[in-house]
Amino acid sequence: MSPRTCALCATNKAMLKRPKTGQQICRDCFFYVFETEVHNTITQSSLFKPGDRVAIGASGGKDSTVLAYVMKTLNERYQYGLDLFLLSIDEGITGYRDDSLETVKRNQQQYSMPLKILSYDELYGWTMDAIVAQVGKKNNCTFCGVFRRQALDRGATVLGVDHIVTGHNADDIAETVLMNIMRGDIARLGRCTAICTQGEDTIKRSKPFKYAYEKEIVMYAYFKKLDYFSTECIYSPDAYRGHARVFLKDLEAARPSAIIDIIHSGEAFEVREEVKATQKVQQTCKRCGYMSSNDLCKACTLLEGLERGMANSGITDRARKKLDAEGPAPENIRTIPFYNPPSSTLVIAVEATNDGKPSTS
Ligand code: SF4
Ligand code: ZN
Ligand code: ZN
């Protein structure tokens, strides 16, 4: 049987079956359609404007490495006029993040982009290794997620950027839709498919890979021979997300369009006003100045629990009451440096917001 020809160019030999569509195509056509779909996602949502300073949240993993490469390619091909930076957060996980950061440092050279690394240790005085030593491996991802979010905003402020792009892909978003349905978290469900999020005094964030399948990102990295780090974090990831992931992979195996269909379903949900109203009003943290829906932001609450030897007080109401019963936090407790949101950047970013929807998780 003669080899199949590419379904797109009808000239070259087909080298792969596209996971998203099942089409048999050649390598060059795969690169082209993958990049063009990301470009279309960017332009249809008007994510950037010329002169924007954009930080790529870079972990050294496949998603963010491919994102950095594709952002650089599209910026040059379509003359977006962006200043691109790499921004990495060092959580302090020995044997994992230290190795993956070496990859990011190589990417910095390969892509000629300035790199800023901000560590949990310098910002919070705690590494994830130390946190896990105190809290164990059950709630560690809660600490890590809250600390990372704030660290990214602070790193972006240091770089003076308008916008952070992250490597969240279609599988991640479909998983989040499923998780929010399974948890009955309708307010989050209503906003988790937004491509772009921005709180009042946070830096704009977006996900150019919103419609890119994880399998295609892996394929792209493989055929382009990109330099990325593929080991999983040594501290077990969020178990609930793990269930959603396995479920989604089963659905994808039965029908590849399931991933995109779930995202489209999430986008089409209309959340009732009274459900939206359950979201708290944003204010600033009294201790560190970061945005918060309570007197203290989540990072300060978690940090106080760690410092006072009662880490769970930031996780459960019961533990929080126990800590409150011991009296207020000591005067000399370690705190996060005060956050000054980038007001001049904010003005630019607000103008560029396309939908003004809040953050997702
Ligand atoms: Fe942090 Fe958990 Fe991710 Fe590891 S798996 S990097 S601990 S959020
Ligand atoms: Zn082709
Ligand atoms: Zn705070």
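Residues numbered from 1 in each chain as written. Chains lettered and ligands numbered in written order. Predicted model: local features only at pLDDT ≥ 70, side-chain atom pairs only at ≥ 80, totals over all residues. Heavy atoms only, no water.

What the domain assignment lists for the chain is domain 1 (45-233 + 241-275) and domain 2 (280-350). If you average the C-alpha positions of domain 1 and of domain 2, the two centres end up 23 Å apart. The interface of domain 1 with domain 2 comprises 27 residues on the first partner and 30 residues on the second. Of the roughly 2,400 Å² buried where domain 1 meets domain 2, counting both sides, 64% is carbon and sulfur surface. Counting across the interface, domain 1 meets domain 2 through zero salt bridges. Counting the contacts that link domain 1 with domain 2 gives five residue pairs in polar contact (both at pLDDT 80 or more). With nine residues, the top contributor of residues to the side of domain 1 that touches domain 2 is helix α6 (residues 140-159). A class-by-class count of the residues in the side of domain 1 that touches domain 2 yields 10 nonpolar, eight polar and nine charged. (Domains from an automatic or database assignment. Contact = heavy atoms within 4.5 Å. Buried area = accessible area lost by both parts, 1.4 Å probe. Salt bridge = Lys/Arg side-chain N within 4 Å of Asp/Glu carboxyl O. Polar contact = N/O pair within 3.5 Å; in protein donor to acceptor, adjacent residues only side chain to side chain. Helix = DSSP H or I, 4+ residues; strand = E, 2+ residues; numbered from the N terminus. Nonpolar A, V, L, I, M, F, W, Y, C, P; charged D, E, K, R; others polar.)

A few words now on the environment of glycine 305. Within the secondary structure layout, glycine 305 lies in helix α13 (residues 298-307). The class of glycine 305 is buried, set by a relative accessible area of 0%. It is 54 Å that separates the C-alpha atoms of glycine 305 and isoleucine 25, two residues lying 280 residues apart in sequence. Those residues within four positions of glycine 305 in sequence are excluded, and the remaining contacts are Gln134, Met310, Ala311 and Ser313. (Buried < 20%, exposed > 50% of the residue type's maximum accessible area, 1.4 Å probe, protein only.)

So, on to the coordination of the zinc ion (ligand 3). Note on the zinc ion (ligand 3): its protein donors are Cys285 (SG), Cys288 (SG), Cys297 (SG) and Cys300 (SG). The metal-donor distances range over 2.3 Å. What the four donor atoms of the zinc ion (ligand 3) show is an angle range of 108 to 114° at the metal, which sorts the shape as tetrahedral. Along the chain, the residues that donate to the zinc ion (ligand 3) are spaced as C-x2-C-x8-C-x2-C. One end of the pair, cysteine 285, is in the loop between β9 (283-284) and β10 (291-292); the other, cysteine 297, is in the loop between β10 and α13, with 12 residues separating them in the sequence. Accessibility assignment for this pair places cysteine 285 and cysteine 297 in one class, buried. (Donors = N, O, S within 2.8 Å, 3.2 Å for Na, K, Ca; no water. Tetrahedral: all angles 85-135°; square planar, octahedral: opposite > 155°, others 65-115°.)

Attention now goes to the site of ligand 1. What surrounds ligand 1 is a group of seven residues, the closest being Asn140, Cys141, Cys144, Arg148 and Cys233. Of the residues assigned to the shell around ligand 1, the class counts are five nonpolar, one polar and one charged. (Near = heavy atom within 4 Å.)

On to the environment of phenylalanine 223, then. Among the structural elements, phenylalanine 223 can be located in helix α9 (residues 214-224). Relative accessible area serves as the criterion here: at 17%, phenylalanine 223 is assigned to the buried category. For the pair phenylalanine 223 and phenylalanine 31, spaced 192 residues apart in sequence, the C-alpha to C-alpha distance is 8.9 Å. The residues contacting phenylalanine 223, other than those within four sequence positions of it, are Leu16, Arg27 and Phe31.

A separate point is the pattern of salt bridges. Taken as a whole and judged by the stated rule, the model has 30 salt bridges. A salt bridge links lysine 72 to glutamate 76; the shortest N-O distance between them is 3.1 Å. Of the two residues, lysine 72 and glutamate 76 both sit in helix α2 (residues 62-77), four residues apart, roughly one turn of that helix. We classify lysine 72 as partly exposed; its relative accessible area is 24%. Between arginine 245 and glutamate 175 there is a salt bridge; the shortest N-O distance is 2.9 Å. In this pair, arginine 245 is assigned in helix α10 (residues 239-254) and glutamate 175 in helix α7 (residues 170-183), connecting sequence segments 70 residues apart. Taken together, the salt bridges that share partners define one network made up of Lys62, Asp63, Asp171, Asp172, Glu175, Glu214, Lys215, Arg241, Arg245, Lys249 and Glu252.

Turning our eyes to something else, we now look at the coordination of the zinc ion (ligand 2). Only Cys6 (SG), Cys9 (SG), Cys26 (SG) and Cys29 (SG) from the protein coordinate the zinc ion (ligand 2), and they sit 2.3 Å from it. Geometry at the zinc ion (ligand 2) is tetrahedral, judged from its four donor atoms and the angles of 102 to 118° they form at the metal. Read in sequence order, the donor residues for the zinc ion (ligand 2) give the motif C-x2-C-x16-C-x2-C. Of this pair, cysteine 6 sits in the segment before β1 (16-17) while cysteine 26 sits in the loop between β2 (24-25) and α1 (27-44), placing them 20 residues apart in sequence. An identical accessibility class is assigned to cysteine 6 and cysteine 26; each is buried.

A separate point is the nonpolar core. Among the nonpolar cores identified, the biggest contains 41 residues, and Tyr120, Tyr124, Met128, Phe147 and Ile336 are the most heavily contacted of them. Secondary-structure elements contributing two or more residues to this core are β4 (83-90), α4 (120-124), α5 (128-135), α6 and α13. Lining this core are residues from two domains, each supplying at least three of them: domain 1 (45-233 + 241-275) and domain 2 (280-350). (Core = buried A, V, L, I, M, F, W, Y, C linked by side-chain atoms within 4.5 Å.)

At a closest axis distance of 10 Å, the pairing of α1 and α2 adopts a crossing angle of 75°. With respect to α2, the axis of α1 lies roughly perpendicular. Between α1, through Phe34, Glu35, Val38, His39 and Ile42, and α2, the contact on the second element is made entirely by Val66, Val70, Met71, Thr73, Leu74 and Arg77. Here the contact of α1 with α2 is built from residues that sort into seven nonpolar, two polar and two charged. (Axes fitted to C-alpha atoms, helices over the stretch in contact; angles between N-to-C directions. Parallel < 35°, antiparallel > 145°, perpendicular 65-115°, else oblique.)

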